[in-house]
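# Inside the fold
What follows is each chain in one-letter form.
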Amino acid sequence: MSLSSQRMLLYIGSYAEAGGPGVYAAELDQQTGELRLLSEASGLNNPTFLNVDSAANRLYAIADAVDETGRKRAQVVAFATDAAAGTMQELNRAFTSPDPTCHIQRNERENYLIQVSYHGGHVALISLTEDGRVGELLDLSQHTGHSVHPDRQDRPHPHSAFFSPDGRFLLVPDLGLDLVRIYKVDAGNGKLQVHADASVHPGAGPRHLAFRPDGRFAYVINELDSTIVAFRYDAEAGQLHTVQQISTLPAGFAGENSCAEIAVSEDGRFVYGSNRGHDSIAVFAADPASGELALIEHVSTQGKHPRHFALTPGGRFLVAANRDTDNVVSYHVDPATGKLAATGHMLTLSKPVCVKPLATEA
């Protein structure tokens, strides 16, 4: 798809009350980086994380809801999307996990969802119907244990879920246990099977993970101590092996900080991580042979608490969501150096949390 024929959409999740807008569709101008709001969807409580199925024109959002017993539970809401119009139409919603969730992932080949509960400490396997509606809860894997931080690691806190590049394994960073739990998914029988664990250093608090596109290395960003751990990935065995630990902060920074999102460029040469407190994107060069990272720069997110960001398909832009200053900001990405340059454009939205880009025909 050439740039001239490409249109870049952004689906944005947020912290929101059900009575107001919570999921947004916007457009990113491929020349200037200007952001334009197209539509919004209401009726969801805290649709903080999204998943986009571009092939089927579907969008999935997590949400909090209260069931008939009065218990706060998780839902998944499915939307049909119209990329040309930039609109979303709700298809259905269903109760899923028994506790509120923080992340959602979709298996493209076997048609199911993974939902992760930070507060409940578990990972949920959820079916999808043939037409892309939310099905039923198939299995729940409960994590147990704790790590060293007295407040944040007194129990399990799985924070996200990512499939290996070949789709054979599911990797779940658990902030409370200081590990990445690796699963096999038996989709035919609707079961989650623990395969292995990969530990990070005590007190790290692993939050999100990103693979290099060739699958040789994976990078885990740690919320509690503002570090990234680089792993070598053994695709055959489904195992992670530690290569390096590196700080996301500039030398001498003494303020409070926690990390959130991590992403790898499409060519695998650069890794990006977000700092909340320092309120920056840390940019690293990735050694193609060893996977080790070297700091390039820190760039202000022009707001506070960058909870999430995304590189657009093709890698020409990075879009960051600043939750505490209600703004979404775009940056040009230099393909040669990986450096970021603010476009001067931003979109004002209430408490944006998640940005999911979609390239489509203009």
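Now for a look at the structure at hand. On a predicted model such as this, the values are computed, not experimentally measured, just so you know. (Residues numbered from 1 in each chain as written. Predicted model: local features only at pLDDT ≥ 70, side-chain atom pairs only at ≥ 80, totals over all residues. Heavy atoms only, no water.)

### Some words on the pattern of salt bridges
Counted only if it meets this: What counts as a salt bridge is simple: a side-chain nitrogen of Lys or Arg found within 4 Å of a carboxyl oxygen of Asp or Glu. Numbering of helices and strands starts at the N terminus; helices are DSSP runs of H or I of at least 4 residues and strands are runs of E of at least 2.
Enumeration according to the criterion identifies 16 salt bridges in this entry. Across the salt bridge formed by Arg 276 and Glu 223, the nearest N and O atoms sit 3.4 Å from each other. Here Arg 276 is found in strand β21 (residues 270–276), whereas its partner Glu 223 is found in the loop between β17 (217–222) and β18 (227–234), with 53 residues between them in sequence. By sharing partners, the salt bridges in this structure join Arg 152, Arg 207, Glu 223 and Arg 276 into a single network.

### Side note on the environment of Asn 275
Put simply, the rule is: Buried residues are those whose accessible area, probed at 1.4 Å on protein chains only, stays under 20% of the maximum for their type, while exposed residues exceed 50% and partly exposed ones sit between those limits. Only heavy atoms matter for contacts: two residues are in contact if any of them lie within 4.5 Å across the pair. For this analysis, a polar contact is any N or O atom pair within 3.5 Å, provided that within protein one partner can donate a hydrogen and the other can accept it, and provided that sequence-adjacent residues contribute only side-chain to side-chain pairs.
Looking at the secondary structure, you find Asn 275 in strand β21. Under the relative-accessibility criterion, Asn 275 is labelled buried at 0%. Residue contacts for Asn 275: discarding those within four places in its chain leaves Thr 248, Leu 249, Asn 257, Ser 258, Cys 259, Ser 280, Ala 282, His 298 and Pro 306. In this structure the side chain of Asn 275 is engaged in a polar contact, spanning 2.6 Å, whose partner is the side chain of Thr 248.

### A look at the side chain of Glu 297
Stated formally: In this count, Lys and Arg are taken as positive residues and Asp and Glu as negative ones, while His and the chain termini are left out.
Note that Glu 297 resides in strand β23 (residues 293–300). Lys 339 provides the closest opposite charge to the buried, unpaired Glu 297, separated from it by 5.1 Å. In terms of polar contacts, Glu 297 uses its side chain to reach the backbone amide nitrogen of Leu 340, at 2.8 Å. Beyond its immediate stretch of four places on either side in the chain, Glu 297 contacts Ile 281, Ala 282, Val 283, Lys 339 and Leu 340.

### What to know about the nonpolar core
As a reminder, the rule being used: By nonpolar core we mean a set of buried residues, namely Ala, Val, Leu, Ile, Met, Phe, Trp, Tyr and Cys, connected to one another through side-chain atoms within 4.5 Å.
Counting 29 residues, the largest nonpolar core has Tyr 11, Val 23, Leu 59, Tyr 60, Phe 79 and Met 88 as the members making the most contacts within it. Elements with a contribution of two residues or more to this core: β1 (6–14), β2 (21–28), β4 (50–53), β5 (58–66), β6 (72–82), β7 (87–95), β10 (122–128) and β28 (352–361). In terms of residues, this core owes the most to one element, β5, which gives five residues. Core analysis: the second largest hydrophobic core is formed by 17 residues, Phe 162, Val 180, Val 200 and Phe 231 among them.

### Looking at the sheet that holds β10
The condition that has to hold: A strand pair is defined by DSSP finding two or more bridges across the two strands. Angles run from 0 to 180 degrees between N-to-C directions of axes, and those axes are lines fitted to C-alpha atoms, restricted for helices to the stretch in contact.
As summarised here, the arrangement of the four strands in space is β8-β9-β10-β11, forming an open sheet in which the pairing is antiparallel. Of all the strands in the sheet, the pair left with one neighbour each is β8 (103–107) and β11 (134–142). Going across the sheet, the axis of each strand differs from the next one's by a mean of 25°, ignoring polarity. Two elements, β10 and β11, share six bridges in a ladder whose sense is antiparallel. Residue pairing for β11: Leu 125 is matched across the bridge by Asp 139.

### Examining the packing of aromatic side chains
Any pair of aromatic rings gets described here by the distance separating the centres and the angle formed by the planes. Put simply, the test is: When the centres of two rings from Phe, Tyr and Trp lie within 6.5 Å, Trp using its six-membered ring, the rings pair. Their planes under 30 degrees apart give stacked, over 60 give edge-to-face, and anything left gives tilted.
Summed over all chains, the structure comprises two aromatic pairs. Ring geometry for Tyr 112 against Phe 163: centres 6.0 Å apart, planes inclined by 65°, an arrangement best described as edge-to-face. Of this pair, Tyr 112 sits in strand β9 (residues 112–117) while Phe 163 sits in strand β12 (residues 162–163), placing them 51 residues apart in sequence. A relative accessible area of 15% means that Phe 163 is categorised as buried.

### Side note on the environment of Asp 334
Positionally, Asp 334 belongs in the loop between β26 (327–333) and β27 (340–348). A sequence separation of 224 residues divides Asp 334 from Glu 110, and the C-alpha atoms of the two residues are 36 Å apart. From its side chain, Asp 334 meets the backbone nitrogen of Thr 337 in a polar contact 3.3 Å long.

### Observations regarding unusual backbone geometry
One non-glycine residue, Asp 326, adopts positive backbone phi at about 55°. Inspection of the secondary structure puts Asp 326 in the loop between β25 (317–322) and β26. Judged by its relative accessible area of 29%, Asp 326 is partly exposed. Within the chain, Lys 351 stands out as a residue other than glycine whose phi angle is a positive 50°. Of note, Lys 351 is situated in the loop between β27 and β28. Judged by relative accessible area, which is 40%, Lys 351 ranks as partly exposed.

### Looking at the sheet that holds strand β19 (residues 239–247)
Read from one edge of the open sheet, four strands run β16-β17-β18-β19, paired in antiparallel fashion. Each of the sheet's edge strands pairs with one partner strand only, and the pair in question is β16 (206–211) and β19. Adjacent strand axes in the sheet meet at a mean angle of 25°, parallel and antiparallel pairs treated alike. Bridge count between β18 and β19: eight bridges; the pairing is antiparallel. If you follow Tyr 233 over to β19, its bridge partner there is Leu 240.

### Here we look at the pairing of β26
Looking along a regular strand, one sees the side chains alternate between the two faces of the sheet. For β26, a buried count of six out of seven residues is recorded, marking the element as mostly surrounded by other parts of the structure. Sheet topology note: the β25/β26 ladder contains six bridges and is antiparallel. By the bridge assignment, Asn 322 is partnered in β26 with Asn 327. The hairpin turn running from β25 into β26, its antiparallel successor, is four residues long, and Asp 326 in that turn takes a positive phi close to 55°. Pairing between β26 and β27: six bridges, direction antiparallel. Across the sheet, Val 329 pairs through a bridge with Met 346, a residue of β27. A loop of six residues connects β26 with β27, the two strands running antiparallel in sequence, and Gly 338 in this loop sits at a positive phi of about 80°.

The values are spatial; any link to function lies outside them.
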